[in-house]
Amino acid sequence: MSSALTDLFPHPIVQAPMAGGVSVPQLAAAVSEAGGLGFLAAGYKTADGMYQEIKQLRGLTNRPFGVNVFMPQPEHAESGALEVYAHQLAGEAAWYETELGDPDSGRDDGYDAKLAVLLDNPVPVVSFHFGVPSREVFDRLRRAGTFTLVTATTAEEARAVERAGADAVIAQGVEAGGHQGTHRDLPENDGSGIGLLPLVAQIREAVRIPVVAAGGIMRGGQIAAVLAAGASAAQLGTAFLATPESGANALHKQALTNPLYARTELTRAFSGRPARGLVNRFLREHGPYAPAAYPEIHHLTAPLRKAAAKAGDAQGMALWAGQGHRMARDLPAGRLVEVLADELDAARTALSAKGGLR
């Protein structure tokens, strides 16, 4: 297996790119400085906004880092279903004294412009979510010296990633917080996600490129488990969401360990695509009725989510979180990397003493 990825950072710990203002340069820099791989999230930003964050991050660290890009989405939403859902959300708009957003605000998330920036100003690592770029894109990024990864949620998707020419695949288990990175958003597949350990095993047997494991990982012992299953590194999102360097809203950070939010669910309520979040009022009331319409519903609910945050009402916010959210620790990001690395070493030592690792 290629070591080109893990040679970039001492610890097999990747900070997941969390869009929406969470994965800020300060967080990515702290993770990279501590020996992990920090990531910026270009999703929902302009190409220039992404470029400015890259410049800021480079001013904070000389260590390798990554940038995550969303793939353009095909148009498949039914206008009638969107209109019905917008009508249902009218009460939310009135409650928060705001207007619903324009569902036709864009489908490609500035994909071409962002690629142009990343080719003109290469970064060490680029990952893609919601689909697979063309082989030409991977070839151009490789010539620029960039290592590439793509999220996959099944072995079939992982094979598509390898065929297209990516350097590695991110195996995202159903436990993961935020959006599932499925390549095609098929409502008939809702609820059929695969747990991380069986997914890593399936993908490890399906492809020859390195695998990064993502989904519900909060402790070093879990990192040891996915490495033993064949992964080269582990990607953690929710674990870093609670850190001081994270750009997440304070209400979001507090909710991770608040007993009021006892569980998570995959929902289309906020964006029209399956995403795992803490169960709150908005998710309970609207989740069962939200159609498959991404990014239209994301644009539609954006003003509601912003208004809820401004009002200090976590019950109306998208509280993305993985299944391990109750294990979140309020530690600086760099210290968290160190603790995870120590836990990983302890787990490996324990397994070796028991004859589990040779």
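Structural data are supplied above this passage.
An account of the accompanying structure is given in this report. (Residues numbered from 1 in each chain as written. Predicted model: local features only at pLDDT ≥ 70, side-chain atom pairs only at ≥ 80, totals over all residues. Heavy atoms only, no water.)

### What to know about the sheet that holds strand β7 (residues 178-179)
Which entries qualify depends on this criterion: If DSSP finds at least two bridges between two strands, the strands pair. Only DSSP runs of H or I covering at least 4 residues are called helices, and only runs of E covering at least 2 are called strands; the numbering of each starts at the N terminus.
Pairing within the open sheet is antiparallel, and its 3 strands lie in the order β7-β11-β10. This sheet does not close on itself; its edge strands, each paired only once, are β7 and β10 (264-267). Here β7 runs beside strand β11 (residues 275-278); their pairing, made up of 2 bridges, is antiparallel. In the sheet register, His-179 faces β11, and the bridge partner there is Ala-275.

### Quick word on the side chain of Asn-280
The cut-off we apply is this: Burial classification: accessible surface area is computed with a 1.4 Å probe over protein chains only, and a residue below 20% of its type maximum counts as buried, one above 50% as exposed, and the rest as partly exposed. Identification of polar contacts relies on pairs of N or O atoms within 3.5 Å, with a donor-acceptor requirement for protein atoms, meaning one able to donate a hydrogen and the other able to accept it, and with residues adjacent in sequence counted only if both atoms are side-chain atoms. Working rule for contacts: check all heavy atoms of both residues, and any pair within 4.5 Å makes them a contact.
Along the chain, the position of Asn-280 falls in the loop between β11 and α12 (281-286). Classification of Asn-280 by relative accessible area gives buried; the value is 0%. In this structure the side chain of Asn-280 is engaged in a polar contact, spanning 3.0 Å, whose partner is the backbone oxygen of Ala-314. For Asn-280, the side chain forms a polar contact with the main-chain oxygen of Gln-315, separated by 3.3 Å. Discounting residues that sit within four places of it in the chain, Asn-280 has contacts with Tyr-261, Phe-270, Ala-314, Gln-315, Gly-316, Met-317 and Leu-319.

### With respect to the side chain of Ser-32
Looking at the element boundaries, Ser-32 is found in helix α1 (residues 25-33). Here Pro-64 takes part through its backbone oxygen, which lies 2.9 Å from a polar atom of the side chain of Ser-32.

### As for the nonpolar core
Within soluble globular proteins, side chains that are nonpolar generally end up buried alongside one another. We apply this condition: Here the nonpolar core consists of buried residues drawn from Ala, Val, Leu, Ile, Met, Phe, Trp, Tyr and Cys, with membership extended through side-chain atoms lying within 4.5 Å.
The biggest cluster of nonpolar side chains holds 84 residues, and the ones touching the most others in it are Val-67, Phe-128, Val-169, Ile-203, Ile-223, Leu-236 and Phe-240. Filtering out sequence-adjacent residues up to four positions away, Leu-236 remains in contact with Ile-13, Val-14, Gln-15, Ala-16, Ile-217, Met-218, Ile-223 and Leu-340. If you look at the next biggest cluster of nonpolar residues, it comprises 17 residues, including Ala-275, Ile-297, Ala-318 and Trp-320.

### Topic: helix α14 (residues 333-353)
Operational definition: Take the residue count of a helix, subtract one, and multiply by 1.5 Å to get its expected span.
Here α14 contains 21 residues, and its C-alpha end-to-end distance of 30 Å stays within 8% of the 30 Å for a straight helix at 1.5 Å per residue. Three or more residues of α14 are buried, namely Ala-333, Gly-334, Leu-336, Val-337, Val-339, Leu-340, Ala-341, Leu-344 and Ala-347. Buried-residue contacts for α14 involve β1 (13-15), α1, α9 (220-228), β9 (233-236) and α10 (238-241).

### Thoughts on the sheet that holds strand β3 (residues 65-70)
Let me state the cut-off plainly: Orientation is described by lines fitted to C-alpha atoms, with helices fitted over the stretch in contact, and by angles between N-to-C directions that extend from 0 to 180 degrees.
Ordered by their spatial adjacency, 8 strands build an open sheet running β1-β9-β8-β6-β5-β4-β3-β2, and the pairing between neighbours is parallel. Strands at the two margins of the open sheet, each flanked by one partner only, are β1 and β2 (38-41). Ignoring which end each strand starts from, the neighbouring axes of this sheet average 25° apart. With 4 bridges joining them, strand β6 (residues 168-172) and strand β8 (residues 211-214) adopt parallel strand pairing. Residue pairing in the sheet places Ile-170 in a bridge with Val-212 of β8.

### What about the pairing of β2?
Our working rule: Handedness is read with the strands pointing away from the viewer; a crossover is right-handed when the path from the first strand over the helix to the second is clockwise.
Along β2, one buried face is formed by Gly-38 and Leu-40 and the opposite face, lined by Phe-39 and Ala-41, is buried too. For β2 and β3, the ladder comprises 4 bridges, and the chain directions are parallel. From the neighbouring strand, Phe-39 faces β3, where its bridge partner is Gly-66. Following the chain from β2 across helix α2 (residues 47-58) to the adjacent parallel β3, one finds a crossover that is right-handed.

### Description of the pattern of salt bridges
We apply this condition: Each reported salt bridge corresponds to a side-chain nitrogen of Lys or Arg within 4 Å of a carboxyl oxygen of Asp or Glu.
For the structure on display, the rule yields 12 salt bridges. With a shortest N-O distance of 3.8 Å, Lys-45 and Glu-53 are connected by a salt bridge. Between Glu-265 and Arg-263 there is a salt bridge, and its shortest N-O distance comes to 2.6 Å. Sharing partners across several salt bridges, the network here consists of Glu-92, Arg-281 and Glu-285.

### Quick notes on the packing of aromatic side chains
The test is simple: Under the pairing criterion, centres of Phe, Tyr and Trp rings, with the six-membered ring standing for Trp, must be within 6.5 Å; the plane angle then separates stacked pairs below 30 degrees from edge-to-face pairs above 60, leaving the rest tilted.
This structure, assessed with the given rule, holds 6 aromatic pairs. An angle of 50° between the planes, with centres 4.9 Å apart, marks the rings of Phe-70 and Phe-130 as tilted. With a gap of 60 residues between them, Phe-70 in strand β3 and Phe-130 in the loop between β4 (125-129) and α6 (135-143) connect regions that are remote in the sequence. Seen from their ring centres, Phe-270 and Trp-320 are 5.6 Å apart, and the 85° between their planes marks the pair as edge-to-face. Taken together, the positions of Phe-270 in the loop between β10 and β11 and Trp-320 in the loop between α13 (296-310) and α14 put the pair 50 residues apart, joining distant regions of the chain. We note that Phe-270, like Trp-320, is buried. An aromatic cluster of at least three residues, connected via ring pairs, comprises Tyr-44, Phe-70, Phe-130 and Tyr-294.

### A look at the packing of α2 against helix α5 (residues 111-120)
Convention followed: By the definition adopted for this analysis, an angle is roughly parallel if under 35 degrees, roughly antiparallel if over 145, roughly perpendicular if from 65 to 115, and oblique otherwise. Two helices crossing with the near one rotated counterclockwise from the far one by less than a right angle form a left-handed crossing, whereas a clockwise rotation gives a right-handed crossing. Gly falls in the polar group here, along with every residue not listed as nonpolar (Ala, Val, Leu, Ile, Met, Phe, Trp, Tyr, Cys, Pro) or charged (Asp, Glu, Lys, Arg).
Close contact between α2 and α5 brings their axes to 9 Å; oriented N to C, the two are set at 30°. On the basis of their axis angle, the class for α2 and α5 is roughly parallel. The element α2 and its partner α5 pack so that their crossing is right-handed. From α2, Ala-47, Met-50, Tyr-51 and Ile-54 reach across to α5, where they touch Ala-113, Lys-114, Val-117 and Leu-118. Here the contact of α2 with α5 is composed, by residue class, of 7 nonpolar, no polar and 1 charged.

### Let's talk about unusual backbone geometry
Cis geometry is found at the peptide bond from Tyr-294 to Pro-295, where omega equals 10°. A positive phi is found at Tyr-44, a non-glycine position, where the angle reads about 70°. On the secondary structure map, Tyr-44 appears in the loop between β2 and α2. On the basis of relative accessibility, which here comes to 31%, the residue Tyr-44 falls in the partly exposed class. Positive phi, normally seen in glycine, also occurs at Asp-109, with a value near 55°. With respect to the element layout, Asp-109 can be found in the loop between α4 (90-95) and α5. Looking at Asp-109, the relative accessible area reads 21%, which means it is partly exposed.

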